[in-house]
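# An overview of the molecular structure
Chain by chain, the residues:
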Amino acid sequence: SGYEVLAVESGEQAVARAPDFEPDVALLDLRLTGIDGVETMERLRGSMGPAAPLFIIMTAHGTIRSAVDAIRKGALDYVTKPFDNDELKVTVLRAVQMRRLERRVEVLESQLDDRFRPENMVGQSGAMDAVFRMIGKIAPLDTTVLISGETGTGKELVARAIHRHSNRKDFPFITVNCGAIPPTLMESSFFGHERGAFTDAKTARRGAFEQANGGTLFLDEVGELSQAAQVGLLRALEEGEIRRVGGERVIPVDVRFIAATNRDLQAEVEAANFREDLFWRLNVLAVHIPSLRERPEDIAPLVDHFVGAHADRLGLAPKPLDPEALSLLIAYEWPGNVRELENALESSLALAAGPSVMAADLPARLRGPGASGAGGASQATLTEAVERARVAVEERMILDALREAGGNRTRAAERLGISRKTLFNKMKERGLL
């Protein structure tokens, strides 16, 4: 059938030779001279760990009960002797396919771990470094997290990073967009419903709480919840159990909650739009993601990251940004934050005809007033853009240095490589005194 096969005469030989051969599947007779098939399986699993093969037990009709017991101890399947060759090949094929799926899952898990590892998330500013350090601290702590930040700053990315590095990473990460669910369906979305609970409930359905059981439930834009939905959410958070709509059974749930909002929830509480008790229940550990305009020094590394990622996805050669184009990106305010930057780069990369992305390839809104087609960016616009970019980067570096120096201007000036007098003058120019 095209498989590479190693045959051995005893369980002891299997234990000795399997680690070097690294089989995907092992066919083991229950009755062997020396150690039997079950002990051979247990020794191989102990010595090879995750690399151990999937085990198929071969047994006579009279010892089927023993084969079933072997399955309870970890064997995948069994075949009875004398076995039909076609049946055996189907059983082996199923085991090989399962091993391939396991390896594919391992690769995908590894890719997810890499993508959501804080040190591999893009950003070199002091503000983002603080976010990355916070992720590393709070991920292992099994408590509720509230992530705040403007739309497009990457709140879900941070939530996923926290989940991927928590003790719940092998369980589901379920997202509920609280701003996209109609109020009438909110309770069903959260808690599920029983068949016949309402007109369209033709079958029972698990809600987000049950789907996330054991894992993490991400409540995106939690500030959009209605007052009624806030009451139901608070009760579930406090009690750790739910009831489906139309159901009587109490269902315990073990979930870690991560909520995100682009609103000032403290102000919403003061305006009586958000329950204070729910706010404090969610705001146990807080992470704030700064806007992109607050950290212009992150734009260049983000550009490199997105250009490489989208060039690969579109099947294009990576195209560096012309300095003029990069200056325009640094000077832009980015109301849509990182998401807007990514979209702008994807479209610019697709439209760029030359070896580089030029200023004329950028969306018109990034090129200043009056910009239109190719060549629309004037020299005056470039000069202004470069100056704005310089001022923004300078201001951010000064603030970061002051923060790291605990407000001490002498130490901050040393960090920046300038004199204390120069730092004072620049702070005065920027209105930072």
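Attention here is on the structure that accompanies the text. Fair warning: this is a prediction, and the values are worked out from it, not measured in the lab.

The end-to-end C-alpha distance of helix 2 (residues 37-48), which contains twelve residues, comes to 16 Å, matching closely the 16 Å that a straight helix rising 1.5 Å per residue would cover. Here helix 2 has its buried residues at Gly 37, Val 38, Thr 40, Met 41, Leu 44 and Met 48. For helix 2, the arc enclosing every buried residue in end-on projection is 160°, short of the 170-degree limit, so these residues lie on one face. Its buried side turned inward, helix 2 meets helix 1 (11-21), strand 1 (25-29), strand 2 (54-60) and helix 3 (64-72). Where helix 2 begins, one side-chain oxygen reaches toward the backbone nitrogen of Val 38, 3.3 Å away; that side chain belongs to Asp 36.

What follows deals with the side chain of Thr 59. Inspection of the secondary structure assignment puts Thr 59 in strand 2. With near-sequence residues (within four places) excluded, Thr 59 lies in contact with Leu 30, Ile 64, Ala 67, Tyr 78, Val 79, Thr 80 and Lys 81.

Take the side chain of Ser 291 next. Tracing the backbone through its elements, the reader meets Ser 291 in the loop between strand 10 (285-288) and helix 12 (299-314). Beyond its immediate sequence surroundings of up to four residues, Ser 291 is in contact with Glu 150, Thr 153 and Asn 337.

Here the focus is the sheet that holds strand 2. Pairing in this open sheet of three strands is parallel, and the strands run 1-2-3 from one edge to the other. The open sheet has two edge strands with one neighbour each: strand 1 and strand 3 (77-81). Across this sheet, the average inter-strand angle for adjacent strands is 25°, counted without regard to direction. In terms of strand pairing, strand 2 meets strand 3 through five bridges, oriented parallel. Following the sheet pairing, Ile 56 is matched in strand 3 by Asp 77. On top of the sheet, helix 2 reaches strand 1 and strand 2; it is set at about 150° to strand 1, its chief contact. Along the sheet, helix 3 contacts strand 2 and strand 3; its crossing angle with strand 3, the most-contacted strand, is approximately 165°.

Look at helix 5 (residues 126-138) against helix 6 (residues 155-164): their axes get within 9 Å of each other, and the N-to-C directions meet at 35°. Regarding helix 5 and helix 6, the two cross each other, and that crossing is right-handed. Here Val 131, Ile 135 and Ile 138 of helix 5 lie close against helix 6, whose contacting residues are Val 158, Ala 161 and Ile 162. The class makeup of the residues in the contact of helix 5 with helix 6 is six nonpolar, no polar and no charged.

This brings us to the packing of helix 12 against helix 13 (residues 323-331). Where helix 12 meets helix 13, the axes come as close as 10 Å, and the angle between the chain directions of the two elements is 120°. With respect to helix 13, the element helix 12 is oriented oblique. As helix 12 runs across helix 13, the sense of the crossing is right-handed. For the pair helix 12 and helix 13, contact is made by Ile 299, Ala 300 and Val 303 and by Leu 326, Leu 329 and Ile 330, respectively. Looking at the contact of helix 12 with helix 13 residue by residue, the class counts come to six nonpolar, no polar and no charged.

A separate point is the environment of Ala 228. Position of Ala 228 among the secondary structure elements: in helix 9 (residues 227-239). The class of Ala 228 is exposed, set by a relative accessible area of 62%. Residues Ala 228 and Pro 183, spaced 45 residues apart in sequence, show a C-alpha to C-alpha distance of 8.6 Å.

In this section: the nonpolar core. One finds Phe 190, Phe 209, Leu 217, Leu 219 and Val 222 to be the most contacted residues of the largest nonpolar core, which totals 32 residues. Of all the secondary structure elements, the ones that give two or more residues to this core are strand 5 (173-177), helix 7 (183-191), helix 8 (208-211), strand 6 (216-220), helix 9, strand 9 (256-261), helix 10 (265-270) and helix 11 (276-282). The leading source of residues in this core is helix 9, at five residues. Apart from residues lying up to four places away in sequence, Phe 190 is in contact with Val 176, Cys 178, Gly 207, Ala 208, Phe 209, Leu 219 and Leu 225. Val 307, Ala 325, Leu 341 and Leu 362 belong to the second-largest nonpolar core, a separate cluster that totals 24 residues.

Here is what the cut-offs are and how they apply
Residues numbered from 1 in each chain as written. Predicted model: local features only at pLDDT ≥ 70, side-chain atom pairs only at ≥ 80, totals over all residues. Heavy atoms only, no water. Helix = DSSP H or I, 4+ residues; strand = E, 2+ residues; numbered from the N terminus. Expected span 1.5 Å × (residues − 1). Buried < 20%, exposed > 50% of the residue type's maximum accessible area, 1.4 Å probe, protein only. Arc of directions from axis to C-beta. Contact = heavy atoms within 4.5 Å. Polar contact = N/O pair within 3.5 Å; in protein donor to acceptor, adjacent residues only side chain to side chain. Pairing = 2+ DSSP bridges. Axes fitted to C-alpha atoms, helices over the stretch in contact; angles between N-to-C directions. Left-handed = near helix turned anticlockwise from the far one by under 90°. Nonpolar A, V, L, I, M, F, W, Y, C, P; charged D, E, K, R; others polar. Parallel < 35°, antiparallel > 145°, perpendicular 65-115°, else oblique. Core = buried A, V, L, I, M, F, W, Y, C linked by side-chain atoms within 4.5 Å.

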